[in-house]
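Letter by letter, the chains look like this.
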Amino acid sequence: MKIAVLTDSSAYLTKEQQEKYQIDVLPIPIIWDGKTYRDLIDIGYEEFYQKLAQATNLPTTSQPAIGDLKKKIDEYVDQGYTDVIIVSISSGLSSYYSTVMSVAREENRIKIHPFDSKITCAGEADFAMLAGRLVEAGADVDLIMHDLIDLQKTMDVRFMVDDLSHLKRTGRLSNAASFVGTLFKIKPILSMDVQGEGHISAIAKERQTKRAYKHIQDDFDNLTKNMPYEIQCTIFDSLDPEQKKKWVEDYSAKSPKYKFDNSIIGPVVGVHVGQGTMAMIWCRDLDDYFDENGQPVKDIKSKEVADETK
């Protein structure tokens, strides 16, 4: 068995992460003024937000071309892969997962295992990196898919945007109608139903950024304090590095037992949320899926029980 791991650019894996965990990435197209840009290839992170701030016509997004996906599958077949795990952006945000499922049904040279992340950005990256690490450690497909599903059960996200108009314009806010006429000076707190349909919805409203931040912090504290496993969290932004630094420092100081990392909201997701968005995703620590020797834990529930008795 030779297993490949493929995701899309909305995971915003760094080049180092892609190389370390042997993860391939298909870029998602951005359509702007009649021109197509490949996410983080034809348009960079800072360049995108600078262009967005000055734009009269706003961009839209598509999904990775089916031709590019099939070409990648051909490469895996030529390289002798027997299986490929494809971690996709949430089906609640994009039709790409349906495309992957369609290709999987037609393909008989290699086994395609689609996984709907029900999330994007750092959460999608966590799934891809767990799959990559498990492949490297010699896990089979059944264990990898089992652990991805387990990780999904532990994942949650909170974020706040400067301007809801982008999410409303692109149709990515599931309960946008509830905010009509109430946007002035409102700081909405948003989430995604990672264990459901993978949609974005506003779950609370605050009058000030400081109150919204406190609301998110309280949610994080309440939802993680009694977990029987270690927690890791990624804080990420759409070109607001100073605010991201403050969040990471504050959370790290207040929750020293958890791991905190940082990432970005790159161009293709930035189309939908705009600049100034701050977000955090947390889940079970990926290290928890491996024993002290770096080998995959075959029964993750047994490990939970063992950890609780220490």
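By convention here, each chain's residues receive numbers from 1 onward along its written sequence. Local features are withheld for residues below a pLDDT of 70 in this predicted model, meaning they are given only at 70 or higher, and side-chain atom pairs are given and counted only at 80 or more; totals for whole chains, interfaces and linings count all residues. Based on all heavy atoms of the structure, the side-chain values leave hydrogens and waters out of the count.

In this section: unusual backbone geometry. Of note in the backbone geometry, leucine 40 takes a positive phi value of approximately 60 degrees without being a glycine. For helices the rule is a DSSP run of H or I covering at least 4 residues; for strands it is a run of E covering at least 2, with both sets numbered from the N terminus onward. In this structure, leucine 40 sits in the loop between β4 (35-38) and α2 (45-54). In this structure, cysteine 121 is a non-glycine residue whose phi angle is positive, near 50 degrees. Here cysteine 121 shows up in helix α5 (residues 121-136).

Right, let's talk about the pattern of salt bridges for a bit. One speaks of a salt bridge when a side-chain nitrogen belonging to Lys or Arg is within 4 Å of a carboxyl oxygen belonging to Asp or Glu. Tallied over the entire structure, the rule returns 16 salt bridges. Of the charged contacts, one joins glutamate 75 and lysine 72 as a salt bridge, the two residues approaching to 3.1 Å between their closest N and O atoms. Placement of both glutamate 75 and lysine 72 in helix α3 (residues 66-78) is noted, with a separation of 3 residues, approximately one turn of the helix. Burial classes: relative accessible area under 20% of the type maximum marks a residue as buried, over 50% as exposed, and values in between as partly exposed (1.4 Å probe, protein chains only). Note on glutamate 75: relative accessible area 29%, which makes it partly exposed. Ionic contacts of the salt-bridge type, sharing partners, join the residues Arg133, Lys259, Asp285 and Asp287 into one network.

Let's shift gears to the packing of aromatic side chains. Stacked, tilted and edge-to-face are the three classes applied to pairs of Phe, Tyr and Trp rings, where Trp contributes its six-membered ring and a pair requires centres within 6.5 Å; stacked means planes under 30 degrees apart, edge-to-face means over 60, and tilted covers the rest. The tally for this structure, following the rule as stated, stands at 13 aromatic pairs. Ring pairing ties together the aromatic residues Tyr213, Phe220, Trp247, Tyr251, Tyr258, Phe260 and Trp282, which thus form one cluster. Counting as a charge over the ring demands two things of the Lys NZ or Arg CZ atom: a distance within 6 Å of the ring centre and an angle within 35 degrees of the ring normal. Taking NZ or CZ as reference, lysine 51 lies 4.8 Å from the ring centre of tryptophan 32, over its face. The positively charged end of arginine 284 is found above the aromatic ring belonging to tyrosine 289, 5.4 Å away from the centroid.

Only the stretch in contact is used when fitting a helix axis, every axis being a line fitted to C-alpha atoms; angles between N-to-C directions are given from 0 to 180 degrees. Here α5 crosses helix α6 (residues 141-153) at 150 degrees, and the two axes come no closer than 10 Å. As summarised for this structure, α5 and α6 are arranged roughly antiparallel, according to the angle between their axes. By crossing handedness, the relation of α5 to α6 is classed as right-handed. Facing α5, whose interface residues are Asp126, Phe127, Leu130, Ala131, Leu134 and Val135, α6 presents Ile144, Asp147, Leu148, Leu151 and Gln152. To sort the angles, those under 35 degrees are grouped as roughly parallel, those over 145 as roughly antiparallel, those from 65 to 115 as roughly perpendicular, and the leftovers as oblique. We call a crossing left-handed when the near helix sits turned anticlockwise from the far one by less than a right angle, and right-handed when that turn is clockwise. In what follows, residue pairs with any heavy atoms lying within 4.5 Å of each other are defined as contacts.

Should DSSP find at least two bridges between two strands, the strands are taken to pair. Ordered by their spatial adjacency, 6 strands build an open sheet running β10-β9-β8-β13-β11-β12, and the pairing between neighbours is mixed. Because the sheet does not close on itself, it has two edges, and the strands there are β10 (200-206) and β12 (259-264). The mean inter-strand angle of the sheet, taken between neighbouring strand axes irrespective of direction, is 20 degrees. Pairing between strand β11 (residues 231-237) and β12: 6 bridges, direction parallel. From the neighbouring strand, cysteine 233 faces β12, where its bridge partner is phenylalanine 260. Packed onto the sheet, helix α8 (residues 209-224) meets β8 (156-160), β9 (187-192), β10, β11, β12 and β13 (278-284) and runs at close to 175 degrees relative to β8.

In terms of residue burial, strand β1 (residues 3-8) counts as a mostly covered element, since 6 of its 6 residues are buried. Neither face of β1 is open: one carries Ile3, Val5 and Thr7, the other Ala4, Leu6 and Asp8, and all of them are buried. For β1 and strand β6 (residues 83-88), the ladder comprises 4 bridges, and the chain directions are parallel. Directly across from isoleucine 3, in β6, lies its bridge partner aspartate 83. Bridging between β1 and strand β2 (residues 23-26) involves 4 bridges; their strand directions are parallel.

Once that is clear, we can look at the sheet that holds β6. Taken together, the 4 strands give an open sheet; going across it, the order is β2-β1-β6-β7, and neighbouring strands pair in parallel fashion. The open sheet terminates on both sides in strands that have one partner only, identified here as β2 and β7 (111-116). Within the sheet, the average angular offset between the axes of one strand and its neighbour, ignoring direction, is 25 degrees. Bridging between β6 and β7 involves 6 bridges; their strand directions are parallel. Residue serine 88 lies in a different strand from β7, and its bridge partner there is aspartate 116. Along the sheet, α3 contacts β1, β2, β6 and β7; its crossing angle with β1, the most-contacted strand, is approximately 165 degrees. The sheet strands contacting α5 are β1, β2, β6 and β7, and the helix crosses β1 at an angle near 170 degrees.

Counting 80 residues, the largest nonpolar core has Leu69, Val84, Ile86, Ile112, Leu148, Phe159 and Leu190 as its most contacted members. In terms of residue count, the dominant contributor to this core is α5 (9 residues). When neighbours within four sequence positions are excluded, leucine 69 is seen to be in contact with Leu6, Leu26, Ile86, Tyr96, Thr99, Val100 and Val103. Note on terminology: a nonpolar core comprises buried Ala, Val, Leu, Ile, Met, Phe, Trp, Tyr and Cys residues joined through side-chain atoms within 4.5 Å. One finds Ile189, Trp247, Tyr251 and Phe260 within the second-largest nonpolar core, a separate group that totals 19 residues.

This next bit is on the packing of α3 against helix α4 (residues 96-106). Relative orientation of the contacting elements α3 and α4 amounts to 45 degrees, with a least axis distance of 11 Å. It follows that α3 is oblique to α4 by the angle criterion. Relative to α4, α3 is oriented so that their crossing is right-handed. Of α4, the residues touching α3 (which contributes Ile66, Leu69 and Lys70) are Tyr96, Thr99, Val100, Val103 and Glu106. Considering only residue class, the contact of α3 with α4 consists of 5 nonpolar, 1 polar and 2 charged. The nonpolar class holds Ala, Val, Leu, Ile, Met, Phe, Trp, Tyr, Cys and Pro. Asp, Glu, Lys and Arg form the charged class, and all remaining residues, Gly among them, are polar.

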